[in-house]
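# A structural walkthrough
The primary structure of each chain is shown beneath.
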Amino acid sequence: MSADRPTTPDRDHGSTDAAVVLEAAVVVMGAFPALAGVDLRVRRGTLVGLRGPNGAGKTTVLRLCAGLLRPDRGTARVLNVDVADDPAPLRWRVGYLGHSNGLYDDLTALENVTFWASTVGAGRGDVDAAMAAMEISDRLRDVRVRHLSAGQRRRVALAGLVARRCELWLLDEPHTGLDVDARDQLDRLLRAGADAGATVMLSSHDLDRVDAMVDHGVDLVAGRVSREVRR
Amino acid sequence: MSTPPGVVATARMIAARDLRIEWRARVVMNQVIPFAAVTMVLFAFAVDDTGALGRLAPGLVWLTVMFSLLLCAQRAFAIESADGALEALRVAGVDPVGIFLGKAAALAVQLLALAAVMVLAALILYDLDPPAGGVVLLVTSAICATCALAATGTIYAGLAAGVSGRETLLPLLVVPVVSPVLIGATRAVEAALGTGGTAVADGWPWVGLLAVVAVASAVVGALTFGSAIRD
Amino acid sequence: MTTPTTPRSTGTRATRVIGIAAIVMSAWLTLFGLVLSPADVAQGDAVRIMYVHVPSVWLAYLAFIVTAICSVWVLVARGRVPGVDRVAGASAEIGVVFMAVTLVSGMLWGRITWGVYWQWDARLTTTALLFITYIGYLAVRGLDGSPEQRARRSAVVGVVAVAEIPLVHWSVRLWRSLHQEATVLDTDLDVDIDGLMLFTLFVGVIAFTLWFVWFVLHRARVMALAALVEERSLDEALAERAAEVPAGGQN
């Protein structure tokens, strides 16, 4: 598949270390400009937090990076693929978890992860590694996800991304519905994912938590980037 | 590096997953089949004439299967949209042709089982005396008819998945399009059961019609399904 | 992108010429259909229904074929041809109206000529099922979603619907061929046509086709204007959002 081709140097930006490059990106939902001209550069292997009030455009940035939306104006390059042109080569290198987890309630945790792994041809080894990385115990593997807690479901969904060896993880409000322990565990796992080379972008209301964990904080206000903090 | 599976492998994977979910949740078995069976009983109240009921039996069987198709197709996509899995499949770049073929195949298997139960119910409830030579015709026509129904149902249920008002829209879209299936399947089963006063051999032209409709719906579905489910 | 100046109406010189021609042809049709053409030997004055019925059938199918061609185009272009999508939608809307005219005029004619409103004839049944299918098409156009999404979804229905026409027609014909009584009523719509009748039908087809072109052009332009209004309000909305930033700060 075309996604296997070697990444070509991004001449406009001089380097291939950028996972995401948005330039003056405008995205319209209905008649409403959810993004009103966003400029953003995200380096590979970093943990990025998108912060901002409701309606600031956090979800839209993530969906744009997932190739689910196209920029109406401006440009969006994700993993050196122009999203406006054809997001197809981007697919299966990017994992997106919206407010939902994309799990099948009547399948077990293992069956769900195995299914998502098999969509890209990943094998049993990848699945086992992902289950271990997301700290899904042997006891949980064979439980139908219908019976799992919100935090456990979130970890199963993340294991699906890990098993697919996604390069870019896009997580929309991953902390929602989790208790404090589960949030701490999730943060630890996301940090580990970024340290292992994945680029992780997440959105959150929880400003303090995001500040504490990310390499690159992005504040969005009214569909634009108002402030960036890099470590 | 793992390679993504081809169309056939994807279809097999999706079909296996859908059938596994049905095996666990038993929605078709425990809800749709009883509904269909009670519909067959109600037809007897509506017609109130054993002789007429026998003559009408093939049509009643396929009307019931068509109503059940609406429920099963709805259900097939309810499991996809319950936790955002359809969107995740799209992000993951899973081949829409594979999704279509897999879901249609799983739906066809369920409908075939349902049709078998309905034929059996008709034999018992409506006191039929089928000729011995009709079994091959019966089975072949049922396979072709359920494939055609499943393909059409999958196109439109996929198109309407996640849209508000889909419950009422789906019947409006599906019923006129499956009318050739209803005509063909009814006449073929009539010949197979000997209820229409026709010989078994007269049923085979109808199987030809059903096969053409099945192939046409599968081809149109494979070509258009990607457009139907995309955001 | 430059915003074109808003036209004051959806009319242009071309549509005005078409509109006037349509009115003239319709006046002609009325004159020929009701006054100058003779009553049929067998059917009497009922034959005059044909002058509405035949052109509206022609038009309904023309409209749906236009919709189908545009739908294929939309699918090939992945929904990114808004102009083509608008023509598909406009054409289907008008097609549904003319299909209703077809069915009503056909049933009235059938009642007078055959003694029944409805006959399970392949053409009639196919037309009725197609009518319902396109009502579904219009319902899909009304679903919420982005314009691209709407274009693609409705194009899928447009393609399935046109694939349905031959299958339904074939299956109903095969079905009715088993029933011999159908041939008793098989006078069909083919009457013994004399030259003036044929000419009147011809005038009708021209008149209705002109109406069709006129309606589609106007309807598609109205849709284009609606899209333009959205595009304009986008610029305003972008300006509003831009104004939010300095004042907005952190909230």
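The rules behind the values
- Residue positions are given per chain, counting from 1 as you read along its sequence in written order.
- Chains and ligands are labelled by the order in which they are written, letters from A for the one and numbers from 1 for the other.
- Since the coordinates come from a predicted model, pLDDT governs what is reported: local features require at least 70, and pairs of side-chain atoms require 80 or more to be given and counted, while whole-chain, interface and lining totals use all residues.
- Water and hydrogen atoms were dropped before computing side-chain values, which therefore reflect all heavy atoms in the structure.
- Secondary structure elements follow DSSP: runs of H or I no shorter than four residues count as helices, runs of E no shorter than two count as strands, and numbering proceeds from the N terminus.
- Taken over C-alpha atoms, the radius of gyration is set against a globule rule of 2.2 Å times the number of residues to the power 0.38.
- Three labels apply to residues, based on accessible area from a 1.4 Å probe with only protein chains included: buried if under 20% of the type maximum, exposed if over 50%, partly exposed otherwise in between.
- Two strands are said to pair when DSSP picks up at least two bridges between them.
- What pLDDT conveys is the predictor's confidence in a given residue, as a value from 0 to 100.
- Here, residues are in contact when the closest pair of their heavy atoms is within 4.5 Å.
- Given the number of residues in a helix, its expected span is that number minus one, multiplied by 1.5 Å.
- Think of a salt bridge as a Lys or Arg side-chain nitrogen and an Asp or Glu carboxyl oxygen that are within 4 Å of each other.

What follows is about the overall build of chain B. Check the secondary structure of chain B and you find 9 helices and 0 strands. Each helix and strand of chain B, placed in order from N terminus to C terminus, yields the pattern α-α-α-α-α-α-α-α-α. Compactness check: chain B gives a C-alpha radius of gyration of 18 Å against a globular reference of 17 Å for 231 residues, within 12% of the reference. With respect to the three principal axes, the spread of C-alpha positions in chain B is 60 × 30 × 30 Å. By the burial criterion, 56% of the 231 residues in chain B qualify as buried.

Moving on, we get to the pairing of strand 10 (residues 224–230) of chain A. For a regular strand, side chains alternate in direction, first toward one face of the sheet and then toward the other. Residues and elements named next belong to chain A. As judged from the 6 bridges shared by strand 9 (residues 216–221) and strand 10, these two strands associate in the antiparallel manner. Bridge pairing in strand 10 places Val221 opposite Arg224. Hairpin connection, strand 9 to strand 10: the antiparallel pair is bridged by 2 residues, and Ala222 has positive phi, about 50 degrees.

This part covers the confidence of the model for chain A. Residues and elements named next belong to chain A. Of the residues in chain A, 92% have a pLDDT of 70 or more, and the chain-wide mean is 85. Per-residue pLDDT, averaged within each element of chain A, yields its smallest value for helix 7 (residues 207–213) (83) and its largest for helix 2 (residues 109–118) (93). With pLDDT under 50 throughout, residues 1–15 is counted as low confidence; its partners more than four residues away or in other chains account for 22 contacts.

With that out of the way, let us pick up the environment of Ala133 of chain A. Residue and element names in this part refer to chain A. Inspection of the secondary structure puts Ala133 in helix 3 (residues 124–133). Given the relative accessible area of 37%, Ala133 is considered partly exposed. For the pair Ala133 and Ala192, spaced 59 residues apart in sequence, the C-alpha to C-alpha distance is 8.6 Å.

Looking now at helix 1 (residues 7–25) of chain B. Residue and element names in this part refer to chain B. Over its 19 residues, helix 1 extends 27 Å from the first C-alpha to the last, a length consistent with the 27 Å expected when each residue adds 1.5 Å. By the burial criterion, the buried members of helix 1 are Thr10, Ala11, Met13, Ile14, Ala15, Arg17, Asp18, Ile21 and Glu22. At the C-terminal side of helix 1, Arg26 shows a positive phi close to 55 degrees.

The next thing to look at is the pattern of salt bridges. Between side chains of opposite charge, a pair can form when the charged atoms approach closely. Inspection of the entire model under this criterion finds 31 salt bridges over all chains. We note a salt bridge from Arg93 of chain A to Glu167 of chain A, for which the minimum N-O separation is 2.9 Å. Residue Arg93 of chain A is located in the loop between strand 5 (81–82) and strand 6 (94–97), and its partner Glu167 of chain A is located in the loop between helix 5 (150–163) and strand 7 (168–171); the two are separated by 74 residues in the primary sequence. For Asp83 of chain B, the salt bridge goes to Arg153 of chain A, with nearest N and O atoms at 3.2 Å. One end of the pair, Asp83 of chain B, is in the loop between helix 3 (50–81) and helix 4 (85–91); the other, Arg153 of chain A, is in helix 5, on a second chain. With respect to burial, Asp83 of chain B and Arg153 of chain A carry one shared label: buried. What you see here is one network of salt bridges that share partners, running through Arg51, Asp211, Asp219 and Arg227 of chain A.

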